[in-house]
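A closer look at the structure
Next come the chains, spelled out residue by residue.
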Amino acid sequence: MRWSIGAVKITRVLEMPPVSADPARFIQAGRQEILDRRDWLCPHFADEDGNITLHFQAFVVESGGVRIMVDPCIGNDKQRSVASLSMLDGPFLERLAAAGYPRENIDYVLCTHLHADHCGWNTMLVDGRWVPTFPNAQYLFAKAEYEYLRGDERGDAPAILADSVKPVIDAGLATFVEPDHVIVEEVRLEPAPGHTPGHCFLVIASEGQEAVITGDALHHPVQVALPQIADNFCWDKELAEATRRRLLKWVSDRGALLLGSHFSGPVGVFLTPDGDAWKAESLTAGR
Ligand SMILES: [Zn+2]
């Protein structure tokens, strides 16, 4: 799946088959909130029973010959507390190469935040050691996000630091950046705290067109209509809602393409205002 924003090419690479689940597993909403909006959520983003559909996917953003890997998914061989994310053995790198991006050709890696499903392929297991998957890339980490991960003793955080971040630093490939860092002229970070303290989203602007890659500023399109719905993995719910509303307003005001990091179906949506929230008005089928 591929989009063009001006001269920038964006390619989606899926890690695993779409996940269908009770909304409550991921967000603070029930099946009724979904079914009340079935006219535009079904069939791409939910099913007729009110289950939501989510993707685990990465994006490659190519601007002026520079290739940026955004949120390299879960990774293979990683021991995680959630069974469905643990010890994967999938063909992500083969899919990436088939899309035109062998791992050696990636110039930058950007993680919107350092949760297990956004930085796993930072590294891969070779002869029992974690080594950077993208050997010729500069890995960009928001300083605040790295500091948060380093101080977090809960859940998978210590494992993520040890197997997906530390080996990159040890290999000399990590650069610590501010949350408004400009990667290349057409691609920049925007601070988006809330889901985690150092969470960023990615803004792509080229030839008068714009797009945003959300990271986990939202998980599912129902949050476009109900921005007050938090996700279950959130650091600061109020801040996350403020960030989500700021993002959605910006996207709607500017006619930008919203690429949802966990959105299924067409992945990209345009927004129009709807009361004090928004509606995903026209879907792009991608190309
Ligand atoms: Zn996520």
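You'll find the chain entered in an unreviewed UniProt entry as MBL fold metallo-hydrolase, with Amycolatopsis pithecellobii given as the organism.

**Observations regarding the overall build of the chain**
Helix and strand counts for the chain stand at 8 helices and 18 strands. Relative to the 2.2 N^0.38 estimate, which gives 19 Å for 287 residues, the radius of gyration of the chain is 18 Å and therefore close to what a compact globule would have. Its C-alpha atoms give the chain principal-axis dimensions of roughly 50 × 40 × 35 Å. In the chain, which comprises 287 residues, the share counted as buried stands at 56%. Long-range contacts, defined as pairs at least 24 residues apart, comprise 67% of the intrachain contacts of the chain with a sequence gap of at least 6. For the chain, the distance from the average site of its 26 positive side-chain charges to the average site of its 40 negative ones is 1 Å.

**Here's the deal with the packing of aromatic side chains**
The description of an aromatic ring pair uses the distance of the two centres, along with the angle that the planes make with each other. Summed over all chains, the structure comprises 8 aromatic pairs. Centre to centre, the rings of Phe134 and Tyr139 are 6.4 Å apart; their planes meet at 50°, and the pair counts as tilted. As far as burial versus exposure is concerned, Phe134 and Tyr139 are alike and both buried. What links up through ring pairs into an aromatic cluster is the set Phe141, Tyr146 and Phe176.

**Quick look at the coordination of the zinc ion**
The zinc ion binds to the protein through Asp117 (OD), His118 (NE2), Asp216 (OD), Asp216 (OD) and His262 (NE2), with metal-donor distances spanning 2.1 to 2.7 Å. Sequence spacing of the donor residues for the zinc ion, all on one chain, is D-H-x97-D-x45-H. Of this pair, His118 sits in helix 4 (residues 116-119) while Asp216 is found in the loop between strand 15 (209-213) and helix 7 (222-225), placing the two residues 98 residues apart along the sequence. Across the pair, exposure class does not vary: His118 and Asp216 are buried alike.

**Examining the packing of helix 5 (residues 143-150) against helix 6 (residues 157-170)**
Relative to each other, helix 5 and helix 6 sit at 130°, their axes nearing to 10 Å. The angle between the axes of helix 5 and helix 6 places the two elements in the oblique class. The hand of the helix 5/helix 6 crossing is left-handed. From helix 5, Tyr146, Leu149 and Arg150 reach across to helix 6, where they touch Ala157, Ile160, Leu161, Val165 and Ile169. Of the residues in the contact of helix 5 with helix 6, the class split is 7 nonpolar, no polar and 1 charged.

**Quick look at the layout of surface pockets**
Here the largest pocket defines a volume of roughly 720 Å³. Around the largest pocket, the lining comprises 31 residues; the ones closest to its centre are His115, Ala116, Asp117, Asp156 and Phe233. Put simply, the parts of the chain that give the lining of the largest pocket at least two residues each are helix 4, helix 5 and helix 6. By residue number, the principal contributor to the lining of the largest pocket is helix 5, which donates 3 residues. Its residues assigned to classes, the lining of the largest pocket shows 16 nonpolar, 8 polar and 7 charged.

**Looking at helix 6**
Over its 14 residues, helix 6 extends 18 Å from the first C-alpha to the last, a length consistent with the 20 Å expected when each residue adds 1.5 Å. Of all the bends found along helix 6, the most pronounced is centred on Ser164 and spans about 35°, while Pro167, a proline, follows it within four residues. Within helix 6, burial applies to Ala157, Ile160, Leu161, Asp163, Ser164, Val165, Pro167 and Val168. Each element contacted by the buried residues of helix 6 is listed here: helix 4, strand 8 (123-126), strand 9 (129-132), strand 10 (138-142), helix 5 and strand 11 (174-177). Backbone geometry just downstream of helix 6 places Gly172 in the positive-phi region, at approximately 75°.

**Here we look at empty space enclosed by the protein**
Under the criterion given, the structure shown has 1 cavity of 30 Å³ or more. Volume-wise, the largest cavity comes out at about 30 Å³. If you go around the largest cavity, the residues you meet are Ala192, Pro193, Gly194, His195, Asp216, Ala217, Asp231, Ala240, Thr243 and Arg244. Taken together, the residues of the lining of the largest cavity sort by class into 4 nonpolar, 3 polar and 3 charged.

**Points about the pairing of strand 6 (residues 66-70)**
Where a strand is regular, its side chains alternate between the two sheet faces. Counting buried residues along strand 6, 4 of its 5 residues qualify, which places the element largely inside the surrounding structure. Two elements, strand 5 (residues 57-63) and strand 6, share 5 bridges in a ladder whose sense is antiparallel. Its bridge partner lying in strand 6, Glu62 is registered against Arg67. Linkage of strand 5 to strand 6, two consecutive antiparallel strands, is achieved through a turn of 2 residues, within which Gly64 is found at a positive phi near 55°. With 3 bridges connecting them, strand 6 and strand 7 (residues 108-110) associate as parallel partners. In the sheet register, Ile68 faces strand 7, and the bridge partner there is Tyr108. A crossover links strand 6 with its parallel partner strand 7, the connecting element being helix 3 (residues 92-98), and its sense is right-handed.

Cut-offs applied
Residues numbered from 1 in each chain as written. Predicted model: local features only at pLDDT ≥ 70, side-chain atom pairs only at ≥ 80, totals over all residues. Heavy atoms only, no water. Helix = DSSP H or I, 4+ residues; strand = E, 2+ residues; numbered from the N terminus. Rg over C-alpha atoms; globule rule 2.2 N^0.38 Å. Buried < 20%, exposed > 50% of the residue type's maximum accessible area, 1.4 Å probe, protein only. Contact = heavy atoms within 4.5 Å. Lys, Arg positive; Asp, Glu negative; His and termini not counted. Charge placed at Lys NZ, Arg CZ, Asp CG, Glu CD. Phe/Tyr/Trp six-rings, centres within 6.5 Å; stacked < 30°, edge-to-face > 60°. Donors = N, O, S within 2.8 Å, 3.2 Å for Na, K, Ca; no water. Axes fitted to C-alpha atoms, helices over the stretch in contact; angles between N-to-C directions. Parallel < 35°, antiparallel > 145°, perpendicular 65-115°, else oblique. Left-handed = near helix turned anticlockwise from the far one by under 90°. Nonpolar A, V, L, I, M, F, W, Y, C, P; charged D, E, K, R; others polar. 1 Å grid on protein atoms, 1.4 Å probe; cavity = no way out; pocket = protein on both sides within 12 Å on 5 of 7 lines; lining within 4 Å. Points joined across faces, edges and corners; volume = space filled by probe spheres on them. Expected span 1.5 Å × (residues − 1). Bend = angle between axes of the 7 residues up to and from the residue. Pairing = 2+ DSSP bridges. Right-handed = clockwise from strand over helix to strand, strands pointing away.

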